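Coordinate inspection notes
The primary structure of each chain is shown beneath.
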Amino acid sequence: MRGVSSAILSALSRTIGIDVDVSGTRVPHQLGQDVLELSRRFTRERERCPLSYMDNPQLRAAYLAYFFPVNLAKIQELLDELSPAFLWGHRNGVTRVLELGCGPGTGMMAVLDWAASEALLESSRLECVAVDQSQQALAVCRQLWDDYTAPFASQPCRLQLAHGDLQRDWTGVLRQVSGTAPYDLIIMENLLSELFVDRENRIERRASVVAAALELLSEKGTVMLIEPALRDASRDLHLVRDRLLATGACTVYSPCLHECPCPALINEDDWCHEERLWIPPAWVQAVDKEVGFIKDALKFSYALLRKDGRTVVERGPSLYRIVSELRVLKGEKRAWMCREGGRPEVGRLDRMASPTNAAVDDWHRGAIVSIDNIVRKQRNGKLSSVGRIERDTAVQIIRPV
């Protein structure tokens, strides 16, 4: 369970002029109201395009104080999940990262801070390219980067800023950054759902942007797509995923355990998202107290796409990914799973608990589990909709989150 590093918090403090890590502090009322305004734009009022918030000083401060640490932590969660497949410095000791729609450089700073914490900058150079349509956002990105790297004895990292509007001319933007390709990591966080919002062919257009980005990827690189854990944004991400896989443009490293069409799209009320525990900074906790939010978990949808076929675990017919919370019902425990072929609901009756299937008690959203046999029993002449784990069923957690 990660927190936000003191180096990042210090850089944020100096950039926005407030101490973002003082335990027990109260935030200014206006800042809390600005966080509420941004939250409305990012959720219930997404049709109000939030792309200009970085040009408003008050909203910019609110974003940096509250949403920046949250979004940075999401990226670092996925960097942990991607490691060691994220082969640092494997091309002549240089790792190149591209962030599209970077805002104040959340992705750039997440990678820089993650690399510093893993001591990777001691043996390899980091070269980053950050693209955004807001000059003010790019200026903040540069300020945060320079502040963070100022104490470095040497400069094993470099940041290049690029101004471009992906909504109006994504092909031109990608041509602009193609000169420093190939990239080992391309980050698009909270970007796709802001592109082509009012277009009927928005999924096709978004998939085209990702497909073109994949062309800039190194042979062993990764495209990281992160979207809000909202139903519509998540389902659109699943649709983009399906379109890319159907064309053979990439494979899925995680979260999926297959390249088949996303089962979450079958039922219009379903969507797949993550909920990961983290340690929120004291300032974020203070904002929560002021405005009535609870940011005790990181909620998001994501896809890590590659071209080399590498996957987070070796796939097999007995593997499932848990896509719900473990529900404790009267006399049993259940969870929804995802695998090639669908999203089954699987449960274990309390009277069937045994040392062999004891891992059921530790199931949680996002975990990859192995179940050697699921039984579907007849009821009134029909197969039960719930798969059952028997007393002798072998259950293991292959990869927790």
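Residues numbered from 1 in each chain as written. Predicted model: local features only at pLDDT ≥ 70, side-chain atom pairs only at ≥ 80, totals over all residues. Heavy atoms only, no water.

The next subject is the overall build of the chain. A tally of helices and strands in the chain yields nine helices and 17 strands. Scaling as 2.2 N^0.38, a compact globule of 401 residues should have a C-alpha radius of gyration of about 21 Å, and the chain matches this with 22 Å. Put simply, of all contacts in the chain between residues at least 6 apart along the chain, 75% involve residues at least 24 apart. When the accessible surface of the chain is summed, it comes to about 17500 Å², and 47% of that surface belongs to carbon and sulfur atoms. For the chain, the separation between the mean place of its 51 positive charges and that of its 53 negative charges on side chains is 4 Å. (Helix = DSSP H or I, 4+ residues; strand = E, 2+ residues; numbered from the N terminus. Rg over C-alpha atoms; globule rule 2.2 N^0.38 Å. Contact = heavy atoms within 4.5 Å. Areas by Shrake-Rupley, 256 points an atom, 1.4 Å probe, with all protein chains shown as cover. Lys, Arg positive; Asp, Glu negative; His and termini not counted. Charge placed at Lys NZ, Arg CZ, Asp CG, Glu CD.)

Inspection of the secondary structure assignment puts T95 in strand 1 (residues 94-100). Of the residues examined, T95 reaches a relative accessible area of 0% and is grouped as buried. Sequence-distant contacts of T95, that is, excluding residues within four places in its chain, are made with F86, W88, G89, S124, R125, L126, E127 and D184. (Buried < 20%, exposed > 50% of the residue type's maximum accessible area, 1.4 Å probe, protein only.)

Of note, the amide linkage connecting S83 to P84 takes the cis form, showing an omega dihedral of 5 degrees. In this structure, P84 sits in the loop between helix 3 (57-82) and strand 1. Cis peptide bonds are those with omega within 30 degrees of zero, and the linkage from S254 to P255 qualifies with 10 degrees. The phi dihedral of A119 is positive, around 60 degrees, even though this residue is not glycine. Within the element layout of this structure, A119 appears in the loop between helix 4 (106-117) and strand 2 (125-132). Given a relative accessible area of 36%, A119 falls into the partly exposed group.

Glancing now at the pairing of strand 3 (residues 157-163). Two elements, strand 2 and strand 3, share seven bridges in a ladder whose sense is parallel. Note on strand 3: the bridge partner recorded for D132 is H163. As a crossover connection, the stretch from strand 2 through helix 5 (residues 135-149) into strand 3 is right-handed. (Pairing = 2+ DSSP bridges. Right-handed = clockwise from strand over helix to strand, strands pointing away.)

Under the defined criterion, the tally for this structure stands at 12 aromatic pairs. Summarising the aromatic geometry, the rings of F42 and F67 are spaced 5.2 Å apart at their centres and angled 90 degrees between planes, so their arrangement reads as edge-to-face. Within this pair, whereas F42 is found in helix 2 (residues 29-42), its partner F67 is found in helix 3, the two being separated by 25 residues in sequence. Take F42 and F67: they sit in the same class, and that class is buried. Measuring from ring centre to ring centre gives 5.8 Å for F300 and Y302, while their planes differ by 50 degrees; the resulting arrangement is tilted. Owing to a relative accessible area of 5%, Y302 belongs among the buried residues under this scheme. (Phe/Tyr/Trp six-rings, centres within 6.5 Å; stacked < 30°, edge-to-face > 60°.)

Moving on, we get to the pattern of salt bridges. The tally for this structure, following the rule as stated, stands at 31 salt bridges. Of the charged contacts in the structure, one is a salt bridge between R91 and D184, with a shortest N-O distance of 3.0 Å. Highlighted residues: R91 in the loop between helix 3 and strand 1 and D184 in strand 4 (residues 183-189), separated in sequence by 93 residues. Like D184, R91 is buried. The residue E325 makes a salt bridge to R365 at a minimum N-O spacing of 2.9 Å. Separated by 40 residues along the polypeptide, E325 in the loop between strand 9 (319-322) and strand 10 (327-329) and R365 in the loop between strand 12 (345-349) and strand 13 (368-371) bring together distant segments of the chain. Several salt bridges converge on common partners, so that one network encompasses E77, E81, E274, R276 and R321. (Salt bridge = Lys/Arg side-chain N within 4 Å of Asp/Glu carboxyl O.)

Packing of helix 1 (residues 6-16) against helix 3 brings their axes to within 10 Å, and their N-to-C directions diverge by 165 degrees. Accordingly, the angle class assigned to the pair helix 1 and helix 3 is roughly antiparallel. In this structure, helix 1 crosses over helix 3, and the sense of that crossing is right-handed. Contacts from I8, L12, T15 and I16 in helix 1 reach A61, L64, A65, F68, P69 and L72 in helix 3. When the residues that make up the contact of helix 1 with helix 3 are grouped by side-chain class, the tally is nine nonpolar, one polar and no charged. (Axes fitted to C-alpha atoms, helices over the stretch in contact; angles between N-to-C directions. Parallel < 35°, antiparallel > 145°, perpendicular 65-115°, else oblique. Left-handed = near helix turned anticlockwise from the far one by under 90°. Nonpolar A, V, L, I, M, F, W, Y, C, P; charged D, E, K, R; others polar.)

Let us look at the nonpolar core. Residues F68, W88, M109, L126, W145, L185 and M224 are the most contacted members of the largest nonpolar core, which totals 74 residues. Per-element tally for this core: the top contributor is helix 3, with 15 residues. Those residues in contact with W88, other than ones at most four positions away along the chain, are T95, V111, W114, A115, L120, L121, S124 and L126. (Core = buried A, V, L, I, M, F, W, Y, C linked by side-chain atoms within 4.5 Å.)

The topology assignment puts E390 in the loop between strand 16 (386-388) and strand 17 (395-399). Owing to a relative accessible area of 19%, E390 belongs among the buried residues under this scheme. For the pair E390 and S354, spaced 36 residues apart in sequence, the C-alpha separation works out to 8.9 Å. Discounting chain neighbours no more than four positions away, the residues touching E390 are M352, N357, V375 and K377.

Attention now moves to helix 3. Here helix 3 spans 35 Å end to end across 26 residues, near enough to the 38 Å set by a 1.5 Å rise per residue. Among the 26 residues that make up helix 3, 22 are buried, leaving the element largely enclosed by the rest of the structure. Structurally, the start of helix 3 carries an N-cap: the backbone nitrogen of Q58 is 2.9 Å from a side-chain oxygen of N56. (Expected span 1.5 Å × (residues − 1). Polar contact = N/O pair within 3.5 Å; in protein donor to acceptor, adjacent residues only side chain to side chain.)

Take it as geometry only, folks, not as evidence of what the structure does.
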